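# Understanding the architecture of this molecule
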Amino acid sequence: MLFHELLNFAGIIRFHRLTGILNMASPVSNSTGLSLATMSPAVALALFDNCAALIIAGVPPGTEFGIDQHSFLVGEDFRGVKMIPEGVHFVYCAAKGAYGETAPRVGFVHHFTRGEIVVREWDHEKEELRHRVHDNVEEEMAKIRENLRNLDKYLAPYDYDRYTAWQKLTGNITQNTVSRHSPDCGVIRNTVELLSCPDEERPRGQVITSPRLSKIRALVNDEELLPNLKSIPGTAPKFTTLPLRCPKDASPADVSRHHMDCIEAVDLLLSSREKKV
């Protein structure tokens, strides 16, 4: 179960970071039997009343918005998503520039519960979603819940045609997994934010005039000339550090054994996780 959780959580980020074209994928078969094209009004109403909802304020028209494997460009009346099934979901946006260029996707992973209402708003400065800033959050949430039916026409329905594929990717992820591996800032960006490297810390190559020294220099690892870039604290996903498959001080016989079977590394990983829990 632990490996499924870790791999699936990493899969969410990798899935969206590398492809960026999930909205162009063709719908997959849905074993749940739910489809927006054939869903009856009674079923849609039941899902609306019992599933989660995401309320969003201030997203500029033309912005790419997506949840899980479905994305689209929002219109002026867009206020969020309804009928979100219980479980882990990835919500993201990509701002549009003045000349039609699309910014990298920025989003967050959230474990939606039954009947939950999540509220976000658009940050015009950072061009991403953020937690709603309001003087009385509880009062506003109560008003939204009371008038949720009136917001129905402004909410896009969750895409159940791709729900089965998303379940296969995230079905083993729990709330604890999301909390444990999400960045402290709560935002997952397409690229990790890095601290700038001070000029005095930048590695510099030596001026080589001798042909003999140039041949020796060619054997040096070029990575030594790269700056030691570090991510800004709290902005990177907190992935589990995997133990070495083969200990550094292993004998030749143990090296062969560890490369044939990595069960000891697996046991070490599981035991370290049990201690943390």
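Look up: the structure comes first, before these words.
Here the structure is a predicted model, which means the values were calculated and not measured. (Residues numbered from 1 in each chain as written. Predicted model: local features only at pLDDT ≥ 70, side-chain atom pairs only at ≥ 80, totals over all residues. Heavy atoms only, no water.)

Here we come to the sheet that holds strand 5 (residues 87-94). In spatial order, the strands read 3-2-5-6-10; together these five strands make up an open sheet with antiparallel pairing. Looking at the sheet topology across the chains shown, the edges are occupied by strand 3 (70-73) and strand 10 (188-189). Pairing analysis gives seven bridges linking strand 5 to strand 6 (residues 106-112), with the strands arranged antiparallel. Residue G87 lies in a different strand from strand 6, and its bridge partner there is F112. (Pairing = 2+ DSSP bridges. Helix = DSSP H or I, 4+ residues; strand = E, 2+ residues; numbered from the N terminus.)

Scanning the entire structure with this criterion turns up seven aromatic pairs. On the numbers, 5.7 Å between centres and 55° between planes, the contact of F65 with F72 is tilted. Pairing Y158 with Y163 gives two aromatic rings, centres 5.9 Å apart and planes at 85°, and the pair type is edge-to-face. Assessed through its relative accessible area of 10%, Y163 is described here as buried. Cation over ring: R120 sits above F108, and NZ or CZ is 4.4 Å from the ring centre. (Phe/Tyr/Trp six-rings, centres within 6.5 Å; stacked < 30°, edge-to-face > 60°. Buried < 20%, exposed > 50% of the residue type's maximum accessible area, 1.4 Å probe, protein only. Lys NZ or Arg CZ within 6 Å of the ring centre and 35° of its normal.)

Strands sit in the order 8-7-1-4-9 across an open sheet of five strands; the sheet is mixed. Sheet topology places strand 8 (128-131) and strand 9 (155-157) at the edges, where each strand pairs with a single neighbour. Neighbour-to-neighbour, the strand axes of this sheet turn through a mean angle of 30°, independent of strand direction. With five bridges joining them, strand 1 (residues 52-57) and strand 7 (residues 117-123) adopt parallel strand pairing. (Axes fitted to C-alpha atoms, helices over the stretch in contact; angles between N-to-C directions.)

Glancing now at the environment of P85. Position of P85 among the secondary structure elements: in the loop between strand 4 (80-84) and strand 5. Residue P85 is classed as buried on the basis of its relative accessible area, which comes to 6%. Here the alpha-carbon distance between P85 and F112, two residues 27 residues apart in the chain, equals 7.4 Å. Beyond its immediate chain neighbours, meaning those up to four positions away, P85 contacts C51, F112, Y158, Y160 and Y163. (Contact = heavy atoms within 4.5 Å.)

Regular strands show a simple pattern: their side chains alternate between the two faces of the sheet. Side chains E64 and G66 project from strand 2 (residues 64-67) onto one buried face, and the interleaved F65 and I67 project onto a second face that is buried too. Direction of pairing for strand 2 relative to strand 3: antiparallel, over a ladder of four bridges. Pairing of E64 across the sheet is with L73, part of strand 3. Where strand 2 folds back on strand 3, the antiparallel hairpin that results is connected by two residues, among which D68 adopts a positive phi of roughly 60°.

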